[in-house]
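Examination of the molecular architecture
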Amino acid sequence: IEKELQEVINKKNIFKDEPMSKHTSFKIGGNADYFIKITSIEELKDLFKISKKHNMPITLVGNGTNLLVKDGGIRGFVIKIDMNNFKIKRTTKYVEITVESGMTLAALANVALKEEITGLEFLSGIPGTIGGALRMNAGAYGGEMKDIVVKTRYMTYDGKVKTMTLPEHKFEYRNSVFSKMNVIILDTTIRLSKGNKKEIDAKMKEFAASRKEKQPLEYPNAGSTFKRKEGVITAQLIDQAGLKGYSVGDAEVSTKHAGFIINKGKATAKDVLDLVEHIKETIREKNNLDIELEIIVLGEEK
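Conventions we followed
- Residues numbered from 1 in each chain as written.
- Predicted model: local features only at pLDDT ≥ 70, side-chain atom pairs only at ≥ 80, totals over all residues.
- Heavy atoms only, no water.
- Helix = DSSP H or I, 4+ residues; strand = E, 2+ residues; numbered from the N terminus.
- Expected span 1.5 Å × (residues − 1).
- Contact = heavy atoms within 4.5 Å.
- Core = buried A, V, L, I, M, F, W, Y, C linked by side-chain atoms within 4.5 Å.
- Buried < 20%, exposed > 50% of the residue type's maximum accessible area, 1.4 Å probe, protein only.
- Axes fitted to C-alpha atoms, helices over the stretch in contact; angles between N-to-C directions.
- Parallel < 35°, antiparallel > 145°, perpendicular 65-115°, else oblique.
- Nonpolar A, V, L, I, M, F, W, Y, C, P; charged D, E, K, R; others polar.
- 1 Å grid on protein atoms, 1.4 Å probe; cavity = no way out; pocket = protein on both sides within 12 Å on 5 of 7 lines; lining within 4 Å.
- Points joined across faces, edges and corners; volume = space filled by probe spheres on them.

**A few points about helix H7 (residues 269-287)**
With 19 residues, H7 should reach 27 Å at 1.5 Å per residue; the first-to-last C-alpha distance of 26 Å fits that figure. The inward-facing, buried residues of H7 contact strand S4 (67-69), helix H6 (234-240), strand S15 (247-248), strand S16 (251-253) and strand S17 (260-263).

**Things to note about the nonpolar core**
It is characteristic of soluble globular proteins that their nonpolar side chains tend to be buried jointly. By size, the foremost hydrophobic cluster in this structure holds 32 residues, and its most contacted members are Leu108, Leu120, Leu123, Met145, Ile148 and Ile190. The residues touching Met145, leaving out its near neighbours within four places in the chain, are Phe122, Leu123, Ala133, Leu134, Asn137, Ala138 and Phe171. Among the nonpolar cores identified, the runner-up in size contains 22 residues, and Phe26, Ile28, Ile238 and Ala251 belong to it.

**What to know about the packing of helix H3 (residues 105-114) against helix H5 (residues 197-214)**
Where H3 contacts H5, the axes come no closer than 9 Å and their chain directions differ by 150°. Put simply, H3 runs roughly antiparallel to H5. For the pair H3 and H5, contact is made by Ala109, Asn110, Leu113 and Lys114 and by Lys197, Ile200, Asp201 and Met204, respectively. Across the contact of H3 with H5, the residue classes break down as four nonpolar, one polar and three charged.

**Regarding the layout of surface pockets**
In this structure, the second largest pocket occupies an estimated 150 Å³ of space. Around the second largest pocket sit Asn85, Phe86, Lys87, Thr98, Val99, Glu100, Lys151, Thr152, Arg153, Thr163, Asp187 and Thr189, which together line it. At the level of elements, strand S6 (86-90), strand S7 (95-100), strand S11 (149-156) and strand S13 (183-194) are the ones that each hand at least two residues to the lining of the second largest pocket. Within the lining of the second largest pocket, the residues separate by chemical class into two nonpolar, five polar and five charged.

Take a look at the structure:
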């Protein structure tokens, strides 16, 4: 397989038996059989052909900031879309940016700042890529992807490129149609407005400061661990249940923000998942409520 891969993808972008701990913000995870960075639509099409021929499963990851990979790693091809071009179209009423799915939200927010485009400030501190943000309808500070997306282009596993309009995304809280589709997001077009550079910058700085103050950014983590429930702030329930600081191995409920599980250094995925189960059971007993994971879990047990 390796030889076939190298014929269509630059050798430096193919990693065999690659530790996924290098590619997740949690710094946790077993090895991927192959970790492959994709830099063009052509490479993607060629890779699909090889995966079909050899019956190799494909797993897509973004920046790995919302991800827990199990200790046994991931079989087949793990692909990361390393495409991050963008183009800006201005009209008298609005500004549209079409951006490839591999671009990070931070990079896009900085482009918007430089170009004096407002409407992306809420994304500036969310780690991760455009593709990941679309998949989970990422949001913060009152904004969500669903508020700005116009249309998205994606590729099916048989190499066809298709476009979906806003309603077809089926955006809901931390979810979209992409979590159920086996497709690769290529790019998305978002609609924003012309803004004032000073105001945009001030807003971005304010959100960044708020994050730093409230979230345990000094430890590896995968962001907010559980989804909020209707009318319930899950982190508050975890805090009220006395679980701040509770740990399994090196996985700990952050003492700074109960909504986060942090890796104190040598946590395994099993530590994290055991801790998650303990939190779920405690909340079920105390509040008669089932809470759901917001982080995505991939891979196999060891």
